[in-house]
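One letter stands for each residue in the lines below.
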Amino acid sequence: MARRLDVTGADGVRLAAWDFTPGGSARPGSGVLLLHGLMGHAGHWAPAVARLAADPGPHPRTIALDQRGHGRSEKSATAAFTREAYVADAAAAVEQLGLGPVTLIGHSMGALTAWQLAAERPDLVRALVICDMRASALGAASQREWRDWFQGWPTPFESLDAARRWFAEEDPWAERPNPSRGAFFAEVMTEHPDGWRPVFDLGQMLTSRETWVHDAHWDSLAQVRCPTLVLRGLDGQLGRAEAQEMVRVLPHGAYAEIPDAGHLLHYEHPDAWREAVGPFLNGVLTG
């Protein structure tokens, strides 16, 4: 069971962080901070962290952050959902929890937050793992597709199982149903008197995405000076050519892929994720 910790983020937003350190004791030195993607939550890292915990210890202090507007963190109607706010929140977690210099592991939007923090505050970051996040711009058409998708959600769902089935079957970017995707979204649903709704606000999610989807992020990637692993699922959103170009741009980049995985690679295939990430982490943490 993860232990909750509290962090005060940028503009005073209250953030929930979760200590997944195996056995409650950590290897001396810096820690690991896990950053989920858009619409995710800290608990989505639990299967992957459990696989890492099975390796012989001691283990680094391992913290997963519920980013603003997500999970158990504050859902403020007045909070900023900018790139700067997300990056400042991650820096606050590193500093307030004494994790630095930290190894950042980010998925999707969380990976972008991680590499932007590494570029801006190299004093805080020891190493970086980028999981299935593109550096190129996605553009206005992509944002319109997401807005249309959100408008098609049949909320409230009559049951948690109904939500699980819908998300497993209704993904406009997937070629076939995916039970893991249904389980992923079922974890971020909460019950209301009229049915089940997401814990996050869809408008805030669109606003969060708006701040990065139109821009390319190669310049900030090139400023990352720490060892960095770029990891993709073979059927994910990050193509092989772009991933390898990201490795080329990074001063100390490495590449790995998981053959059977999609975008939710750490959640769908935690064993394969550990096999890809574990050697990199061991090299960083023992080097």
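Residues numbered from 1 in each chain as written. Predicted model: local features only at pLDDT ≥ 70, side-chain atom pairs only at ≥ 80, totals over all residues. Heavy atoms only, no water.

(A) Fine view of the packing of aromatic side chains. Within the structure shown, the criterion is met by 18 aromatic pairs. An angle of 55 degrees between the planes, with centres 6.0 Å apart, marks the rings of F157 and W166 as tilted. Residue F157 shares its accessibility class with W166, and that shared class is buried. Every member of this aromatic cluster is reached through a ring pair, and the members are W146, W149, F150, W153, F157, W166, F167, F184, F185, F200 and Y267. (Phe/Tyr/Trp six-rings, centres within 6.5 Å; stacked < 30°, edge-to-face > 60°. Buried < 20%, exposed > 50% of the residue type's maximum accessible area, 1.4 Å probe, protein only.)

(B) Spotlight on the state of the cysteines. Across all of its chains, the model carries zero disulfides by this definition. Here C131 is not cross-linked by a disulfide; its sulfur's nearest cysteine counterpart is in C226, at 14 Å. With relative accessibility at 10%, the residue C226 sits in the buried group. (Disulfide = S-S within 2.5 Å.)

(C) Representation of the sheet that holds strand 5 (residues 102-107) within the structure. Read from one edge of the open sheet, eight strands run 1-2-4-3-5-6-9-10, paired in mixed fashion. The open sheet has two edge strands, strand 1 (3-8) and strand 10 (253-258), and neither has a second partner. Here the average twist between neighbouring strands, direction ignored, is 25 degrees. Sheet topology places strand 1 next to strand 2 (residues 14-19); six bridges connect them, and they run antiparallel. The residue of strand 2 that forms the bridge with R4 is W18. Sheet contacts for helix 9 (residues 240-249): strand 6 (125-131), strand 9 (228-233) and strand 10; angle to strand 10, the most-contacted strand, approximately 155 degrees. Its contacts with the sheet place helix 11 (residues 270-286) against strand 5, strand 6, strand 9 and strand 10, and it is angled at close to 165 degrees to strand 6. (Pairing = 2+ DSSP bridges. Helix = DSSP H or I, 4+ residues; strand = E, 2+ residues; numbered from the N terminus. Axes fitted to C-alpha atoms, helices over the stretch in contact; angles between N-to-C directions. Contact = heavy atoms within 4.5 Å.)

(D) Region of the structure containing the environment of I130. Following the sequence through the fold, I130 ends up in strand 6. A relative accessible area of 0% means that I130 is categorised as buried. For the pair I130 and D11, spaced 119 residues apart in sequence, the C-alpha separation works out to 27 Å.

(E) Summary view of the nonpolar core. L33, M39, W115, L128, I130, W149 and W153 are the most contacted members of the largest nonpolar core, which has 67 residues in total. Of all the elements, helix 3 (residues 109-120) adds the most residues to this core, at eight residues. Contacts of M39, omitting those with residues within four sequence positions, involve H44, H70, W146, W149, F150, W153, F184, F185, V188, F200 and M205. The next biggest cluster of nonpolar side chains, apart from the first, holds 28 residues, and it includes A64, L231, V284 and L285. (Core = buried A, V, L, I, M, F, W, Y, C linked by side-chain atoms within 4.5 Å.)

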